Amino acid sequence: MALKRYQPYLAMIFIQILYAGMALFSKASISNGMNPYVFVVYRQAFATLALAPFAIFLESNKTTSLSFLLLVKIFFISLFGITLSLDLCYVSISYISATFAAAGTNMIPVITFILAICFRMESICYKQSHGIAKIIGSFVCVAGALVYAFVNGPPLYPESHKQVHYLTSNATSKGEWIKGSLIMLLANTMWSLWLILQGPIMKQYPAKIRLTTLQCLFSCIQSAIWAISVKRDIAAWKLGFNFNLLSVAYCGVLVTGLSYWLRAWVIEIKGPVFTAMFTPLSLIVTAFFSSIFWKETPHLGSVCGAILLVMGLYGVLWGKQKEAECNNTSHQCKEEISSI
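Every value quoted in this text rests on a predicted model; they were computed, and no experiment measured them.

S.K.: Describe the packing of helix α2 (residues 36-58) against helix α8 (residues 208-230), listing the residues and the values that go with them.
M.R.: With their axes 8 Å apart at the nearest point, α2 and α8 run at an angle of 155° to one another. Here α2 lies roughly antiparallel to α8, going by the angle between them. Two packed elements cross with a definite hand, and for α2 against α8 that hand is left-handed. Among the residues forming the contact of α2 with α8, the class breakdown is 19 nonpolar, 6 polar and 1 charged.

What follows is the structure, given as structure tokens:
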């Protein structure tokens, strides 16, 4: 019973380790010369093959119809949400470190919250503590991302290993780092938009695994068309039994396939706020292994930016949690009054 109680915690820790591995493996493959657009194609192909059997056998009893109009909606959501997001993400990894790529994911809950306000899917109560927490947390999180991207500061320990081959950097200028940071911000914005659009689509097509598989398939086709148009060198598409194969298989099967199952299971037990609370863990794991294997030297500015990111994220999540508790209390009071 004690082990069962801690299973959701262990599952979320494992998921964040998988996401940290995604940043590390992707950075290594792209730094070794693999084209980022080709990487996306292979990743989505592996994800589609991994999810398809589960979609066929586990949801065979669902008779949800798929109209042409709905198919078109899924196609465009996949294009703007998944394909563009992944392509931009892996292009940005060419300019930034794996640690910053992991840090950027902490912006996704806040960007999603801001976009939800713009689309009037989220409300803010300025007179309540939870509303103030969400506003302040959003600003702190954005400030943390800016500090992480643009402020280096002194290294936390002497860079005695500068002569070691630095795998994670093939672009060292400040301008390229800023360029990569802005591209990563745009990629996270597109991913947040995809998250927002999932709600309306799932109401029309509630078969979640089939929907995810379909979006991965569309994304694979879209990515392939784009990759072929910009990279016609056949040599760039060769995928042997090497580290690149391991990277795309890891990102497709484990990150997209396995982590989807675990996250959906945890959400059913603990709710979405609980799962979001573990997001900063991938940054810590990535920074730790990048420091060991790739000799990334943490700087004071990066550490301060990461702290602000985490503080801002938890501020928004705390506000969301308190708002949900207030709404539940209010709903219960109305039910009690109506029953009298």
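S.K.: Please provide a residue-by-residue account of the pattern of salt bridges, values included.
M.R.: A full pass over the atoms with the stated rule returns 1 salt bridge. With a shortest N-O distance of 3.1 Å, E323 and K134 are connected by a salt bridge. Note that E323 is positioned in helix α12 (residues 300-339) and K134 in helix α6 (residues 129-150), a separation of 189 residues in sequence. Judged by relative accessible area, which is 11%, E323 ranks as buried. Judged by relative accessible area, which is 0%, K134 ranks as buried.

S.K.: Can you explain the nonpolar core? Please cite residues and give values.
M.R.: Counting 57 residues, the largest nonpolar core has I74, Y90, I93, M184 and W237 as the members making the most contacts within it. With 8 residues, the single largest contributor to this core is helix α3 (residues 68-92). The contact partners of I74, leaving out residues within four places of it in the chain, are L66, I201, L211, L214, Q215 and F218. The next biggest cluster of nonpolar side chains, apart from the first, holds 7 residues, and it includes A11, M12, F274 and F278.

What counts and how
Residues numbered from 1 in each chain as written. Predicted model: local features only at pLDDT ≥ 70, side-chain atom pairs only at ≥ 80, totals over all residues. Heavy atoms only, no water. Axes fitted to C-alpha atoms, helices over the stretch in contact; angles between N-to-C directions. Helix = DSSP H or I, 4+ residues; strand = E, 2+ residues; numbered from the N terminus. Parallel < 35°, antiparallel > 145°, perpendicular 65-115°, else oblique. Left-handed = near helix turned anticlockwise from the far one by under 90°. Nonpolar A, V, L, I, M, F, W, Y, C, P; charged D, E, K, R; others polar. Salt bridge = Lys/Arg side-chain N within 4 Å of Asp/Glu carboxyl O. Buried < 20%, exposed > 50% of the residue type's maximum accessible area, 1.4 Å probe, protein only. Core = buried A, V, L, I, M, F, W, Y, C linked by side-chain atoms within 4.5 Å. Contact = heavy atoms within 4.5 Å.

Functional significance is not addressed by these values, which are geometric in nature.
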